[in-house]
Amino acid sequence: MELSVVIPVYNEAANVLVLYHRLQQAIQPLAISYELLFVNDGSADSSLDLIKQLAQQNTQVRYLDFSRNFGQQIAISAGLDKAKGNAVVILDGDLQDPPELIPALYAQWQKGHEVVYARRKTRAGESLTKKTTARLFYRLLTRITHTSMPVDAGDFRIISRKVVNTLKQMPEQQKFIRGQIAWLGFPQTFLEYDRLERYQGQSGYSYTKMIRLALDGITSYSNLPLKMATVSGFGVSGIAFLVMLYTLYSRFITRDYVPGWSSLMVSILFLGGVQLIAIGIIGEYMSRLSENVRNRPLYIVNETNIPEEVN
Ligand code: UDP
Ligand code: MG
C-alpha cells in the first residue's frame, strides 16, 4: 500500500460523497495503490451509512466507527493506527482541505521529506473571531514552547511511514497531532494553500472544544504557565512582605495608623485572585496527568471493515 488518506468525520453527511469523488479524481491519476480511511467520530447523522455504502462499492474505502464522539485529534490518531500506507495524508472531511493538493504533497514526500504540511495562506468563510483567535494561538504557542511549531498549519499534511510509526509510540491521552509531529523533528517542509470555506454543514468545533484543543496544545508542549504561576507567586509575596514592613513601621514607629479598610480589601482580593489563578493552572496540568495515569484506551471502536492484524 502506497498511500493512506485518513479522514476524521463528525456529522459530514452532506460532504462525504463529494469528498469521495474529489479524492478519487485527485488520487487516481497518480496510479498508486491507496486507501481512503474514514474515521466516524460518533456522528449523529447518516455519515456512517454513506461511508458503508461507499465501502461496499469500493474496497479502497475503509472505515472505523467510534462508539461515541472522541474528538478530531483522537479520530486522526485512530486512523494513523490502522493506516497501511507508506505515506499518510491527514485531511478534514468538510473539504476545507482541498483533495486536489494531495498530488503536490505526495510529490514533495517522494523527494524525501518525512513531513510536508499544508500552510494556510488565506482562510475563507470563517468568522473574524475564529481567524484572530487561531492566529494569536499559533503565535503564542510558538513563543512559549521549545518545540518549533509551524504557524498557521492545521493537521492537513502528508507524513511518512517512519513518522506514523513513531507517533504510534507516543502514548499521551491529550492528542495534539501537529504538536507531536513538530516535536518529533525529522526533515519537514510545507506547501501553501488557500483554505476554502466548509463545503456543507456546520463546524463540529464548539468554543469549548476549541479551548480544550488550545489548552491541550499548550500544556503538552510548555511548562511556562506553571513557571509563571511560581514567578507571580514570588512577585506577589515580595510586594506583600514590603507592605507588611510598612504596616509594622507605621504601627510601632510612627504610630500613625488608620484602620485601612480599602488597602485590606485590595490586598485580600488581589492575593485571592493570584492564588486561584495559580491553582487553576496547576489543576489544568493535574487533570491531564491523572487522565494519563488512568491509562484508558484512547478510543473505542464500534465497528470497522479493517481486518484485525494477525501477528
Ligand atoms: N471532527 C471530528 N470530531 C469532532 C469535531 C470535528 O472528527 O468532534 C472532524 C470534522 O468532521 C472535520 C474535521 O474534524 O473533518 C475538522 O472539523 P471542523 O470542520 O468542524 O472544524 P473547523 O474547520 O471548523 O475548525
Ligand atoms: Mg472545517
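Quick caveat: nothing in here was measured; it's all calculated off a predicted structure.

A. Just the UniProt feature "domain: Glycosyltransferase 2-like" (unreviewed entry) in the protein, in detail. UniProt annotation of "domain: Glycosyltransferase 2-like" (unreviewed entry) refers to residues 4–166 when read in the numbering used here. Between the end C-alpha atoms of residues 4–166 the distance is 17 Å, and the span holds 42% helix and 25% strand.

B. Structural context of the domain arrangement of the protein. Domains assigned within the protein are domain 1 (3–208 + 297–304) and domain 2 (224–294). Of the residues lining the interface, four residues belong to domain 1; the matching set on domain 2 comes to four residues.

C. How the structure looks around the packing of helix H1 (residues 13–27) against helix H2 (residues 47–57). In the contact formed by H1 and H2, the axes pass within 8 Å of each other and the chain directions differ by 25 degrees. Our classification of the angle between H1 and H2 gives roughly parallel. Once H1 is placed against H2, the crossing between them reads as right-handed. Mapping the contact onto sequence places Ala-13, Val-16, Leu-17 and Tyr-20 in H1 and Ser-47, Leu-50, Ile-51 and Leu-54 in H2. Among the residues making up the contact of H1 with H2, the classes are represented as seven nonpolar, one polar and no charged.

D. Summary view of the site of ligand 1. Taken together, 17 residues are adjacent to ligand 1, and Pro-8, Tyr-10, Gly-93, Ser-203 and Gly-204 come closest. Looking at the shell around ligand 1, the elements with two or more residues in it are strand S1 (3–9) and helix H3 (72–82). Classifying every residue of the shell around ligand 1 gives five nonpolar, seven polar and five charged.

E. Geometry of the UniProt feature "transmembrane region" (unreviewed entry) in the protein. Under the local residue numbering, the UniProt record ascribes the feature "transmembrane region" (unreviewed entry) to residues 228–249 and 261–286. Secondary structure over residues 261–286 splits into 100% helix and 0% strand, and the C-alpha atoms at its two ends are 37 Å apart.

F. Region of the structure containing the nonpolar core. Formed by 61 residues in total, the largest nonpolar core has its most connected members in Val-5, Val-6, Val-88 and Val-89. Dropping the residues within four chain positions of it, Val-89 is found in contact with Leu-3, Val-5, Val-6, Ile-102, Leu-105 and Ile-158.

Conventions used here
- Residues numbered from 1 in each chain as written.
- Chains lettered and ligands numbered in written order.
- Predicted model: local features only at pLDDT ≥ 70, side-chain atom pairs only at ≥ 80, totals over all residues.
- UniProt positions renumbered as here; feature names shortened; annotations may be inferred.
- Helix = DSSP H or I, 4+ residues; strand = E, 2+ residues; numbered from the N terminus.
- Domains from an automatic or database assignment.
- Contact = placed C-beta atoms within 7 Å.
- Axes fitted to C-alpha atoms, helices over the stretch in contact; angles between N-to-C directions.
- Parallel < 35°, antiparallel > 145°, perpendicular 65-115°, else oblique.
- Left-handed = near helix turned anticlockwise from the far one by under 90°.
- Nonpolar A, V, L, I, M, F, W, Y, C, P; charged D, E, K, R; others polar.
- Near = placed C-beta within 6 Å.
- Core = buried A, V, L, I, M, F, W, Y, C linked by C-beta atoms within 7 Å.
- Buried ≥ 20, exposed ≤ 12 C-beta atoms within 10 Å, placed from the backbone.

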